[in-house]
Amino acid sequence: MRPSSVIHLENIRKSYFIGRNELPVLKGISLDIFKNEYVALMGPSGSGKSTLMNMLGCLDTPTSGKYVLNGHDVSQMEDNQLAHVRNKEIGFVFQQFNLMPRLTALENVAVPLIYAGISKKDREEKALEMLKKVGLGERYKHKPNELSGGQCQRVAIARALVNDPSMILADEPTGNLDTKTSVEIMEIFGNIHASGNTVVLVTHEEDIADHALRIVRLRDGVIETDRVNERHLKAEQNS
């Protein structure tokens, strides 16, 4: 593991048990993702992509193997320890937005800071700063039902950024959005990466994965390919 490794996976295996029958889903995943990388995880249904995402997000623990997240060995942590690491190290962006309907955009973004013990004044200042970063500074008083799908996803991205996490983990972030809005959201992720953040994107859509600089493909619980996205790299070099 290199010092700049944000994610270090070493022979990660995950099985589920149905009665006495073992169902292996991840079959020995070894992977390093480094600081300020922009990585897309891809794979067909049943490839283990969702299980790996849950592992990376500390939402589940491996059956065996080692997972080090930003210097913390989270492989065998208890649920309360994992919750602390999740809040501190990971900013989540989900397909369904997962906003609290009764809270304003500002209040939704500030939620992770409550768990971090930040004062109300500082929470609101930081939340407004993040909303401005995603182009929603003027809509901070609006509740989710007063915002479009794209605007709700921007709120979710601002919330993911508010704790200055080690990485942003985005699960199908454009799955509920139209093509134009999807392009706008992916531009925001590009800006987040350009400002120094590590971004891990889980998607089954080729055009969405094409925004990443590195594409890791899973099949049948193993890594099938792990390559630099040459097309994106050339586009960056020519811009």
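Residues numbered from 1 in each chain as written. Predicted model: local features only at pLDDT ≥ 70, side-chain atom pairs only at ≥ 80, totals over all residues. Heavy atoms only, no water.

1. Describing the sheet that holds strand β5 (residues 72-73)
Step number 1: Ordered by their spatial adjacency, four strands build an open sheet running β2-β1-β4-β5, and the pairing between neighbours is antiparallel. Each edge of the open sheet is held by one strand with a lone partner, namely β2 (21-34) and β5.
Step number 2: Along the sheet, helix α1 (residues 49-56) contacts β1 (5-18), β2 and β4 (64-69); its crossing angle with β1, the most-contacted strand, is approximately 125°. (Pairing = 2+ DSSP bridges. Helix = DSSP H or I, 4+ residues; strand = E, 2+ residues; numbered from the N terminus. Contact = heavy atoms within 4.5 Å. Axes fitted to C-alpha atoms, helices over the stretch in contact; angles between N-to-C directions.)

2. Observations regarding the sheet that holds strand β8 (residues 198-202)
Step number 1: Spatially, the six strands line up as an open sheet ordered β6-β7-β8-β3-β9-β10, and their pairing is mixed. The outermost strands of the open sheet, each flanked by one partner alone, are β6 (90-94) and β10 (222-228). With direction set aside, neighbouring strand axes in the sheet form an average angle of 15°.
Step number 2: Note that strand β9 (residues 214-219) and β10 share six bridges and pair antiparallel. For Leu-218, the partnering residue across the bridge sits in β10 and is Ile-223.
Step number 3: Packing against the sheet, helix α2 (residues 79-89) makes contact with β6 and β7 (167-171), and its axis sits at approximately 80° to β6.
Step number 4: Contacts from helix α5 (residues 149-161) reach β6 and β7 within the one sheet, and its direction differs from that of β6 by about 170°.

3. Regarding the side chain of Ser-5
Step number 1: Within the element layout of this structure, Ser-5 appears in strand β1.
Step number 2: Here Ile-7 takes part through its backbone oxygen, which lies 2.9 Å from a polar atom of the side chain of Ser-5.
Step number 3: A polar contact is formed between the side chain of Ser-5 and the side chain of Asp-32, at a distance of 3.1 Å.
Step number 4: Beyond its immediate sequence surroundings of up to four residues, Ser-5 is in contact with Asp-32, Ile-33, Phe-34 and Asn-70. (Polar contact = N/O pair within 3.5 Å; in protein donor to acceptor, adjacent residues only side chain to side chain.)

4. Section: the nonpolar core
Step number 1: Counting 40 residues, the largest nonpolar core has Tyr-38, Val-109, Leu-131, Val-155, Ile-157, Phe-189 and Ile-192 as the members making the most contacts within it.
Step number 2: Elements that contribute at least two residues to this core include exactly β3 (38-42), α3 (105-115), α4 (120-133), α5, β7, α6 (179-194), β8 and α7 (206-209).
Step number 3: For this core, the element with the highest residue contribution is α5, accounting for seven residues.
Step number 4: If sequence neighbours within four positions are ignored, Leu-131 has contacts with Ala-105, Leu-106, Val-109, Leu-136, Gly-137, Tyr-140, Val-155 and Ala-158.
Step number 5: Residues Ile-29, Leu-41, Leu-56 and Val-200 belong to the second largest nonpolar core, which totals 29 residues. (Core = buried A, V, L, I, M, F, W, Y, C linked by side-chain atoms within 4.5 Å. Buried < 20%, exposed > 50% of the residue type's maximum accessible area, 1.4 Å probe, protein only.)

5. Looking at α1
An α-helical turn contains 3.6 residues, so any two residues separated by three or four positions project in the same direction.
Step number 1: Of all eight residues in α1, six are buried, a share of seventy percent or more.
Step number 2: Those residues of α1 that fall on the buried side of the exposure criterion are Lys-49, Thr-51, Leu-52, Met-53, Met-55 and Leu-56.

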